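What follows is the residue order along each chain.
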Amino acid sequence: MANITRMQLLRGDIKGKNNPFRPPWAIPEEYFVDFCTRCDKCVEACFDELIVKGRGGFPQMDFNRGGCDFCGDCLNVCETSALKKIPINNVESTLAPKNISSNNREEASDLESYLPPWHIKANIDLTNCLSMNATICRSCGESCDDKAITFDLKLGGIAEPKLNIEQCTGCGACFAVCPVHVITLTPIVLSNESATSQEASGI
Ligand code: SF4
Ligand code: SF4
Ligand code: SF4
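Residues numbered from 1 in each chain as written. Chains lettered and ligands numbered in written order. Predicted model: local features only at pLDDT ≥ 70, side-chain atom pairs only at ≥ 80, totals over all residues. Heavy atoms only, no water.

A. Here's a closer look at the overall build of the chain. Of the regular secondary structure elements, the chain holds 7 helices and 6 strands. Going residue by residue from the N terminus, the α and β elements of the chain occur as α-α-α-β-β-α-α-β-α-β-β-α-β. Residues counted as buried form 46% of the 203 residues belonging to the chain. In the chain, the share of contacts with a sequence separation of at least 24, taken over all contacts with a separation of at least 6, comes to 63%. Per element, the accessible surface of the chain, about 10900 Å² overall, is 50% carbon and sulfur. (Helix = DSSP H or I, 4+ residues; strand = E, 2+ residues; numbered from the N terminus. Buried < 20%, exposed > 50% of the residue type's maximum accessible area, 1.4 Å probe, protein only. Contact = heavy atoms within 4.5 Å. Areas by Shrake-Rupley, 256 points an atom, 1.4 Å probe, with all protein chains shown as cover.)

Set out below in structure tokens:
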């Protein structure tokens, strides 16, 4: 198995780059492909049918179908710890290969905090955004339950979408609704390295 470095964890790139978007709470890709048995239980559990069978039979997100509400149904049915909550204060130990499968069903302590289900952020390319080109559109903002997208009114009928990265959970709800496909979803990289654009495009 490949090793995952502390820096890779800290920079939020625990899923690695150039990989499909796995279901929420997926362990790092290097381990995911070892621990996932391709049982399809997470695919079947997703009420909104956002998880699909991807390359090699492994599950992946299809954001063309909508956004994830992090209900946890996929996490709850995964028996192999391929989907697993990672305590913030115990990342390296939890992800040590010998420990990964040990406590998937452990109840969360009220005091325990976990890494977010994934490290994905939306991005809006304003150049071709309808709202920036004097056409009324608020689709992305209306789809964002986290209110991460607001609009700044400008002269000339322009309303500029503003994305609050801190508030964005990477749920993907804004992705499919944009009529001109100017929204992308990207894994965040917290170091100096630039993120490889990993545009969500389904399977
Ligand atoms: S439920 Fe777990 S083991 Fe089964 S396909 Fe989904 S991630 Fe893989
Ligand atoms: S801006 Fe972020 S939180 Fe809001 S809908 Fe898009 S992906 Fe989800
Ligand atoms: S949905 Fe797309 S076109 Fe409409 S305002 Fe948002 S980014 Fe612009």
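B. Examining the nonpolar core more closely. Of all hydrophobic cores here, the largest spans 42 residues; its most connected members are Ile-27, Phe-32, Met-61, Phe-63, Leu-83, Ile-183 and Leu-185. Among the secondary structure elements, those contributing two or more residues to this core are α2 (29–35), α4 (73–77), β3 (120–124), α7 (173–177) and β6 (183–187). Two domains each donate at least three residues to this core, and these are domain 1 (6–94) and domain 2 (120–187). Beyond its immediate stretch of four places on either side in the chain, Ile-183 contacts Ala-122, Asn-123, Ile-124, Cys-140, Cys-174, Phe-175 and Cys-178. (Core = buried A, V, L, I, M, F, W, Y, C linked by side-chain atoms within 4.5 Å. Domains from an automatic or database assignment.)

C. Main features of the site of ligand 2. Within the structure, ligand 2 sits among 13 residues, and Cys-144, Cys-168, Cys-171, Gly-172 and Cys-174 are positioned closest to it. Across the shell around ligand 2, the residue classes break down as 9 nonpolar, 3 polar and 1 charged. (Near = heavy atom within 4 Å. Nonpolar A, V, L, I, M, F, W, Y, C, P; charged D, E, K, R; others polar.)

D. Structural context of the site of ligand 3. Close to ligand 3 lie Ile-124, Cys-129, Leu-130, Ser-131, Cys-137, Ser-139, Cys-140, Phe-151, Cys-178, Pro-179, Val-180 and Val-182, which account for all nearby residues. Tallied by class, the residues present in the shell around ligand 3 amount to 10 nonpolar, 2 polar and no charged.

E. Region of the structure containing the side chain of Lys-121. Counting through the fold element by element, Lys-121 comes out in strand β3. Look at Lys-121: it is buried, it has no salt bridge, and the nearest opposite charge is Glu-166 at 6.2 Å. Beyond its immediate stretch of four places on either side in the chain, Lys-121 contacts Ile-165, Glu-166, Cys-168, Gly-170, Thr-184, Leu-185, Thr-186 and Ile-188. (Lys, Arg positive; Asp, Glu negative; His and termini not counted. Salt bridge = Lys/Arg side-chain N within 4 Å of Asp/Glu carboxyl O.)

F. Region of interest: the pattern of salt bridges. Taken as a whole and assessed by the stated rule, the structure comprises 6 salt bridges. For Lys-53, the salt bridge goes to Asp-40, with nearest N and O atoms at 2.9 Å. With Lys-53 in strand β1 (residues 51–53) and Asp-40 in the loop between α2 and α3 (41–45), this pair connects stretches of sequence that are 13 residues apart. The partly exposed category is assigned to Lys-53, whose relative accessible area is 44%. One connected set of salt bridges, linked through shared partners, spans Lys-154, Glu-160 and Lys-162.

G. Representation of the pairing of strand β4 (residues 149–153) within the structure. Alignment of β4 against strand β5 (residues 159–163), held across 5 bridges, turns out to be antiparallel. From the neighbouring strand, Phe-151 faces β5, where its bridge partner is Pro-161. Counting the residues in the hairpin turn of β4 and β5 gives 5 residues, including Gly-156, whose phi is positive at 80°. (Pairing = 2+ DSSP bridges.)

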